[in-house]
Amino acid sequence: MEEDQHMVSAAQHILKALASSKTVSHEMRKTLLDLEIQLSTINERKGSGIKQLERKLKCLEDKVMSLEKNDSVISSEYLKLVGEIQTLQQKFDSLNENWKQKELVQKSNEILQVVMLRLEEELVQILVNHKQYFEVDYMSFNSNRVDLVYDESFGSVEDERINKVSRSIDDSLSEASNIDLVNPSVVEDLKSIAKAMFGSNYQHEFCHVFISSRRDALDEYFVILEIERLSIENMLKMEWQSLNRMIKKWIRAMKFIVQAYLVGEKRLCKQILGDFGSVYQYCFSEISRSSVLHLLNFGEAIAMGTHTPEKLFCLLDMYEALEHVAVDKDFLFIEEIDSFVTREFHNLQRFIVETIKSTFLSFRNAIATNPSKKCFPCGGVHPLTKYVMNYINALVEYGDSLNLLVDETLTDQSDSNDENNYENSTVSCSPLACNLRLITTTLESNLCNKSKLYNDVALQHIFMMNNIHYMVQKVKSSNLCNFFGDLWLRRHVGMFQHYARSYEKVSWSSVLSFLRDESLSTCVTERKIKKKCKDFSAAFGEVYKTQTGWSVPDKELREDLQISVSQKVIPAYRSYTGRHSSKIDEKWIKYTVDDLQCYILDLFQGSSKSLHHSHHRK
Amino acid sequence: MPATTENNQGSFLGRISIRRNQVMSMDGSHDQELEDLELFQKHVGDRFSELLSSTTDDPSNDALLSIGWLRRLLDELLCCEAEFKAVVMMGRDPSQIAKPPLDRLLPELLDRVVKSLDICNAVTLGIDAVRNLQRLAEIAVAALEPRPMGDGQVRRAKKALNSLVAAMMHEDRDCGSSKGTERSRSFGRRGNANKDRGGGTFRSLSWTMARNWSAAKQIHAMSSNLAAPRGAEATGLPSPIYIMSTVLVFVMWTLAAAIPCQERNGLGTHLPFPRQLSWAQPMISLQEKMAEEWKKKEKKGSVGLLEEMQKIEKVGQLLIDFAESFQFPGESERLEEIRGHVEELADICRKMDEGLEPLQLQIREVFHRLVRTRSEFLHVLDQAVKLSAPTV
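Residues numbered from 1 in each chain as written. Chains lettered and ligands numbered in written order. Predicted model: local features only at pLDDT ≥ 70, side-chain atom pairs only at ≥ 80, totals over all residues. Heavy atoms only, no water.

1. Here we look at the overall build of chain A
For clarity, the cut-off: Helix and strand assignments come from DSSP, with helices taken as H or I runs of at least 4 residues and strands as E runs of at least 2, each series counted from the N terminus. Whether two residues are in contact is decided by their heavy atoms, any of which lying within 4.5 Å being enough. Here the Shrake-Rupley method, with its probe set to 1.4 Å, supplies the accessible areas, and only the displayed protein chains count as covering residues.
Secondary structure assignment for chain A yields 23 helices and zero strands. Counting contacts in chain A only where the partners sit at least 6 residues apart, residues at least 24 apart contribute 81% of the total. Counting every atom, chain A has about 28400 Å² of accessible surface; 52% of that belongs to carbon and sulfur.

2. Describing the interface of chain A and chain B
Heads up, the rule is: N or O atoms within 3.5 Å of each other form a polar contact, as long as, within protein, one can give a hydrogen and the other can take it, and as long as residues adjacent in sequence are counted only when both atoms are side-chain atoms. Each residue is assigned to one of three groups, with Ala, Val, Leu, Ile, Met, Phe, Trp, Tyr, Cys and Pro labelled nonpolar, Asp, Glu, Lys and Arg labelled charged, and all others, Gly among them, labelled polar.
Listed as interface residues are 60 residues of chain A and, on the opposing side, 57 residues of chain B. At the junction of chain A with chain B, the criterion picks out 21 residue pairs in polar contact (both at pLDDT 80 or more). Secondary structure elements with two or more residues in the side of chain A that touches chain B: helix H3 (49-69), helix H5 (99-129), helix H8 (203-224), helix H9 (232-237), helix H11 (279-304) and helix H13 (339-368) of chain A. Among the residues making up the side of chain A that touches chain B, the classes are represented as 19 nonpolar, 19 polar and 22 charged.

3. What about the packing of H5(A) against H8(A)?
All names here are of chain A. Using the following cut-off: Whenever a helix is involved, its axis is fitted only over the stretch in contact; in every case the axis is a line through C-alpha atoms, and angles between N-to-C directions fall within 0 to 180 degrees. Oblique is the label for any angle not under 35 degrees, not over 145, and not in the 65 to 115 range, which are roughly parallel, roughly antiparallel and roughly perpendicular in turn. The handedness criterion is simple: a crossing whose near helix is rotated anticlockwise from the far helix by less than a right angle is left-handed, and one whose near helix is rotated clockwise is right-handed.
Taken N-terminus to C-terminus, the directions of H5 and H8 make an angle of 20 degrees; their axes are 10 Å apart at the nearest point. For the element pair H5 / H8, the angle class is roughly parallel. As for the relative orientation of H5 and H8, their crossing is right-handed in sense. Residues Glu 120, Leu 123, Val 124, Leu 127 and Val 128 of H5 form the contact with H8, whose own contacting residues are Glu 205, Phe 206, Val 209, Phe 210, Ser 213 and Arg 214. Of the residues belonging to the contact of H5 with H8, the class tally is seven nonpolar, one polar and three charged.

4. Some thoughts on the packing of aromatic side chains
Applied cut-off: Pairing of aromatic side chains requires ring centres within 6.5 Å, counting the rings of Phe and Tyr and the six-membered ring of Trp. Pairs whose planes differ by under 30 degrees are stacked, by over 60 edge-to-face, and all others tilted. Only protein chains enter the accessibility calculation, which uses a 1.4 Å probe; a residue is then buried when its area is under 20% of its type maximum, exposed when over 50%, and partly exposed in between. Charges are assigned to positions over rings by a cutoff of 6 Å between ring centre and Lys NZ or Arg CZ, combined with an angular limit of 35 degrees from the ring normal.
Under the counting rule described, the total for this entry stands at 30 aromatic pairs over all chains. Taking the centre distance of 4.0 Å and the plane angle of 15 degrees together, the rings of Phe198(A) and Phe276(A) count as stacked. Here the residue Phe198(A) occupies a position in helix H7 (residues 187-199), and Phe276(A) occupies one in the loop between helix H10 (240-273) and H11, the gap between them amounting to 78 residues. On the accessibility criterion, Phe198(A) (14% relative accessible area) is buried. Taking relative accessible area as the criterion, Phe276(A) reaches 25% and is therefore assigned partly exposed. Three or more aromatic residues link up through ring pairs in this structure, and these residues are Trp508(A), Phe536(A), Phe540(A), Tyr544(A), Tyr573(A), Tyr591(A) and Tyr599(A). Taking the ring centre of Phe331(A) as reference, the NZ or CZ of Lys266(A) above it sits at 5.6 Å. Over the ring of Tyr202(A) we find Arg156(B); its NZ or CZ atom is 3.6 Å from the centre of that ring.

5. Some remarks on the nonpolar core
This is how it is decided: In this text, buried Ala, Val, Leu, Ile, Met, Phe, Trp, Tyr and Cys residues form a nonpolar core when linked through side-chain atoms within 4.5 Å.
Ranked by internal contacts, the top residues of the largest apolar core, which has 293 residues, are Leu119(A), Phe206(A), Trp508(A), Phe540(A), Phe48(B) and Leu70(B). Residue contributions to this core peak at 23 residues, all from helix H5 (residues 102-144) of chain B. Once you skip the residues sitting within four places of it in the chain, Trp508(A) turns out to touch Tyr503(A), Phe540(A), Val543(A), Gln547(A), Val565(A), Val569(A) and Leu603(A). Residues Ala19(A), Val24(A), Leu32(A) and Leu39(A) belong to the second largest nonpolar core, which totals seven residues.

6. Side note on the pattern of salt bridges
Selection criterion: Salt bridges are identified by distance alone: a Lys or Arg side-chain nitrogen within 4 Å of an Asp or Glu carboxyl oxygen.
Summed over the entire model, instances satisfying the criterion amount to 42 salt bridges over all chains. Between Glu61(A) and Lys107(A) there is a salt bridge, with the nearest N and O atoms lying 3.1 Å from each other. With Glu61(A) in helix H3 and Lys107(A) in helix H5, this residue pair connects regions lying 46 residues apart in the sequence. For Glu357(B), the salt bridge is made with Arg131(B), and the minimal N-O distance between the two is 3.8 Å. Of the two residues, Glu357(B) sits in helix H11 (residues 332-388) while Arg131(B) sits in helix H5, which places them 226 residues apart along the sequence. The exposure class of Arg131(B) is buried, given its relative accessible area of 6%.

7. Looking at the side chain of Glu61(A)
We classify Glu61(A) as buried; its relative accessible area is 16%. Sequence-distant contacts of Glu61(A), that is, excluding residues within four places in its chain, are made with Lys107(A) and Ile111(A).

8. Considering the confidence of the model for chain A
All names here are of chain A. Our working definition: Known as pLDDT, the predictor's confidence for each residue is given on a scale from 0 to 100.
A residue-level look at chain A finds 86% of positions with pLDDT of 70 or above and a mean pLDDT of 83. Within chain A, the lowest mean pLDDT, 49, falls on helix H16 (residues 413-419), and the highest, 95, falls on helix H19 (residues 457-476). Note on residues 153-168: pLDDT is under 50 here. Beyond four places in sequence and across chains, it has 35 contacts. With pLDDT under 50 throughout, residues 413-417 is counted as low confidence; its partners more than four residues away or in other chains account for two contacts.

Below, the structure is given as structure tokens:
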């Protein structure tokens, strides 16, 4: 027996010596060592327990040492060893506790530590080298929305193309929802390493490395998405254009990070660590936490800023972005583990809602308090009107969200009475519709104040007519008509028509009064007729000079008004001149009927003209 | 005395609101207002006095700058803030708040509030970094707890502890530099047995604030225009504003000193607190104590005054020393001693585990409360402007 053992030991020594020789190839070394193990198992069957275990341990130690020397060894080699060490350790545990056993346990732990260190390094390398990157460029959005910033020098805000942040980003996200953040081919390796490390009580190291590495990967995306870190102090001082750009980037980042990236991250955590209970959730939480908080803090800073009306659209976009990611967010962040993050999401949402409401209110106040200092030249459509109508036109793009946000508490009583008169259309009775009507009412009030600045009462009416007409046209030609309803339209059409009639009365009744006889008696003196004709011409000339300088920008409205004026003036003129034709001297009559007709067409063109005495009559 | 403070505060708020509603005339309210202001002063003094005494009286209480103590500090801040709002805003005509010198003092306070918000965020991120250090300590504990103590475990612990200590050094030195995406990763491959391997970088990009942002600078800015109101102003509204500003500066300074956050180099140890005002005495004593500690540690490049972090550093160093000299099987006496330290370390980790998240939540609560207060004040100031402006 003993001779056999000696022989086997000798053979083992030789094999070991050969294996440690530098000239032996890697495969050869492996074979020699495997052979050595086989020899020791032969002995094991025959020999005493502890010596065999000790020899095995030594064997493993040598294996590890030789692997250490070789740089190109991959983790699978080490993983095999882990299994063997663990088996040995179990055997050690069943031995009597004496000094020798302690020594063996200690030794095995030593070897284990070296292997675990190796695996940890391997883990880092795999995670770093097999990260996968995704193009976020195709997830660009295109917002044609013009910034609606109010400016007195507004030329024409007419017909700006107002589009919401386009839907394209949402479509491309659904394609990206299954991204593999790490090359799928290495996932099995990662799982094996996890198993080995967890099984050897080295889970802390695994998690620490894993979390650090994945956290760094997430940080990289923040750079790719161009999300800057800014202090709240600086953000509050930022000018609007830059802020606007950053908000757009934020929205893109929020959607991408929550819906695509983090979903992928959680899936990865589960794939690798799913077998170990709730560890994967804890790891995911640690990985994502700080970055998500950064995103949320940015949102807070935006909501903290001043509530200028142009911000409303950004806030609405942000609100909708948060709503959009809500489902994914609920899946990713579990109340028990991520109470901090869930709570902050909730806080941000609430804050943005409040800010939206107060911004909406301040928009209305801004309209009410818009100063009326000097009268708007020519009585045309005031920039305020254009701004407000375009603004609310853009707002209704967010109709669904706004209906939830602007409740009836923002309106006052007067509108709710009107509601009973409105047809039973749900849209025009919605909270948003009520609020929009309140806004236009406020606008009308302010316009009224502005109209009072004109000395000429007729111009006041023209001004109101122009503006109300603009409002009506805007409502008719857009989605606003659903919100305002037929009744509102009819009322306001009536309104601008009323202003038109008022204008006519104020402007023309005195002029036309010259074309009337006081008495029906046929003997009117020539002197009287002459005076009347001269007065009429003078008056008409005055009106012409003034009112050619007035403006009715809308072509149809202008023509209608001109026709209406003609219909009053021309027949009166014709009949008067006709009636007294026998007595009228040519010299007294400056204009023919056709002349008058032409001159009336010059009215409201916005450039003042005066009539010279043209005698080109036949 | 401590127990009554809380009751006082509750009934105090109640009393103010009832009184405000009752009193109609301006004259009558003036005396009552003076009383309210004095009570506010007294309460502030009482609160901080308690915080001070708790550190010296009973050793079983939360030590100065421990997680527990910081949480109490934040509680007191929230109480002060609530009382402040009650004293200054409740039942008051907006125009009173907008007239001089408040039209200068209030915006200054609100500016301090904004800076405080950034500091709160920096500290919140700093707590994440501290949690990371806690994990490293936990690895060391996990390594050294099982028996028998062997070379492998000790090596394992040493690796974790070295990472820990190095990270602590880095925390302070690198707090300010925001690293780009290029990062030198020190994963030595074979042959660097003693160097820290793996574990990623020390300071994750996600824990940094804006580039060039500095907590030290912010606090300096916050305190630079702190001036006690004099003469007639001392009995009016400027007084509570000054008190609130002082409290805010004090708390923010403390947080920045305790928790590693971006750029604390140059954190001034002297704050311009009014030595002559009685309510400020406890705060001054506390600040001086902490400043002492800060000066001591600053030379060594320490990680922050958080009591638990200091302990970890101390115990960690002891364990590293042990690890350097250890050889299996080791002396049993020494081993017993070391086990004691390991227990200590485990204990600290447990405390941090329990306390860090609530601390973060509290800081967040302070954050939200400050945001809200700022909004309310801005709204009131806005109203005052509108009321005084001529209608169009």
